[in-house]
Amino acid sequence: GQQLNQSPQSMFIQEGEDVSMNCTSSSIFNTWLWYKQEPGEGPVLLIALYKAGELTSNGRLTAQFGITRKDSFLNISASIPSDVGIYFCAGVTNAGKSTFGDGTTLTVKP
Amino acid sequence: EPEVTQTPSHQVTQMGQEVILRCVPISNHLYFYWYRQILGQKVEFLVSFYNNEISEKSEIFDDQFSVERPDGSNFTLKIRSTKLEDSAMYFCASSDEYNSPLHFGNGTRLTVT
């Protein structure tokens with residue numbers, strides 16, 4: 001089945017710094033999604049990308065759907081303490097199946 | 001904003017017992033999913049459900065698992081004879097189109113002792 005390689009696995013940053021994480025796959029996806037999960041909760045959708053090359057922003061978050069349709073990145077600018085959590089990418093096939101990356105655990109030091 | 005609700009939030013059961021995890025998807029959604037997350041690991045696909053039947057299932061979703069939409073609002077996951085390794089967070093999700101983003105519930109933490 002499809003596998004996503006998400007990196008980095010974890011990040012420890014200072015408040016105010018920018019963050020970048022990415023996902024790559026050997027498979028092509030129709031849609032790339034980025035979710036954030038906080039302790040005791042389910043993943044919450046941050047950004048959805050539907051077209052190769054698409055660059056989409058949501059506040060301080062920016063994500064791009066790679067041209068090859070096999071990768072995506074998420075940037076967070078000017079991080080704040082509430083950005084703490086686990087960020088997951090997910091690729092969605094044309095059959096509608098979502099495959100998740102292993103997650104990037106973000107810690108923001110005030 | 002509409003949300004997916006799951007009950008119970010935490011279920012403790014003994015090995016070998018049957019459990020039923022319940023979900024109420026967003027009301028106008030047609031596609032329903034169960035995912036599992038073992039503590040500290042990634043979210044894993046279990047099963048997708050559309051038009052009252054399973055559309056896809058993973059290797060994890062063996063004969064011990066079953067899903068049902070018993071009425072117009074609930075979507076359930078049954079584990080017939082739980083094993084220790086079934087301990088995990090189980091997330092229900094729904095979407096309005098087959099390739100639309102999934103909306104997740106807050107999960108049921110299942111602990112098998």
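Residues numbered from 1 in each chain as written. Chains lettered and ligands numbered in written order. Predicted model: local features only at pLDDT ≥ 70, side-chain atom pairs only at ≥ 80, totals over all residues. Heavy atoms only, no water.

Draft legend 1. Region of the structure containing the environment of Ser20(A). Residue and element names in this part refer to chain A. On the secondary structure map, Ser 20 appears in strand β3 (residues 19–25). Overall, Ser 20 belongs to the partly exposed group, its relative accessible area being 42%. Along the sequence, Ser 20 and Leu 49 sit 29 residues apart, while their C-alpha atoms lie 17 Å from each other. Here Ser 20 is in contact with Pro 8, Met 11, Leu 74 and Asn 75, once residues within four sequence places are set aside. Side-chain polar atoms of Ser 20 contact the side chain of Asn 75, separated by 2.7 Å. (Helix = DSSP H or I, 4+ residues; strand = E, 2+ residues; numbered from the N terminus. Buried < 20%, exposed > 50% of the residue type's maximum accessible area, 1.4 Å probe, protein only. Contact = heavy atoms within 4.5 Å. Polar contact = N/O pair within 3.5 Å; in protein donor to acceptor, adjacent residues only side chain to side chain.)

Draft legend 2. The arrangement of the interface of chain B and chain A in detail. If you look at the interface, chain B gives 16 residues, while chain A gives 21 residues. With both chains or domains summed, chain B and chain A bury close to 1600 Å², and 56% of this area falls on carbon and sulfur atoms. Where chain B packs against chain A, one counts one salt bridge. Summed over the shared surface of chain B and chain A, the number is four residue pairs in polar contact (both at pLDDT 80 or more). (Buried area = accessible area lost by both parts, 1.4 Å probe. Salt bridge = Lys/Arg side-chain N within 4 Å of Asp/Glu carboxyl O.)

Draft legend 3. Representation of the state of the cysteines. Considering all chains together, one arrives at two disulfides over all chains under this definition. Two residues share a disulfide in this structure: Cys23(A) and Cys89(A), whose sulfurs sit 1.7 Å from each other. Looking down the S-S bond of the Cys23(A) and Cys89(A) bridge, the torsion is -85°, so its handedness is left-handed. Taken together, the residues span a long stretch of sequence, with Cys23(A) in strand β3 and Cys89(A) in strand β9 (residues 85–92) at a distance of 66 residues. Between Cys23(B) and Cys92(B) runs a disulfide, and the two sulfur atoms are separated by 1.9 Å. Disulfide Cys23(B)-Cys92(B): torsion about the S-S bond near -65°, hence left-handed. Here the residue Cys23(B) occupies a position in strand β3 (residues 19–24), and Cys92(B) occupies one in strand β9 (residues 88–95), the gap between them amounting to 69 residues. In terms of burial, Cys23(B) and Cys92(B) fall into one category: buried. (Disulfide = S-S within 2.5 Å.)

Draft legend 4. Here's a closer look at the packing of aromatic side chains. Evaluated as defined, the whole model comprises 15 aromatic pairs over all chains. On the basis of an interplanar angle of 40° and a centroid distance of 5.5 Å, the ring pair of Phe32(B) and Phe75(B) is categorised as tilted. Here Phe32(B) is found in strand β4 (residues 31–37), whereas its partner Phe75(B) is found in strand β8 (residues 75–79), with 43 residues between them in sequence. Classification of Phe32(B) as buried rests on a relative accessible area of 4%. A network of ring pairs unites the aromatic residues Tyr35(A), Phe88(A), Phe100(A), Tyr33(B), Tyr35(B), Phe45(B), Phe91(B) and Phe104(B) as a single cluster. (Phe/Tyr/Trp six-rings, centres within 6.5 Å; stacked < 30°, edge-to-face > 60°.)

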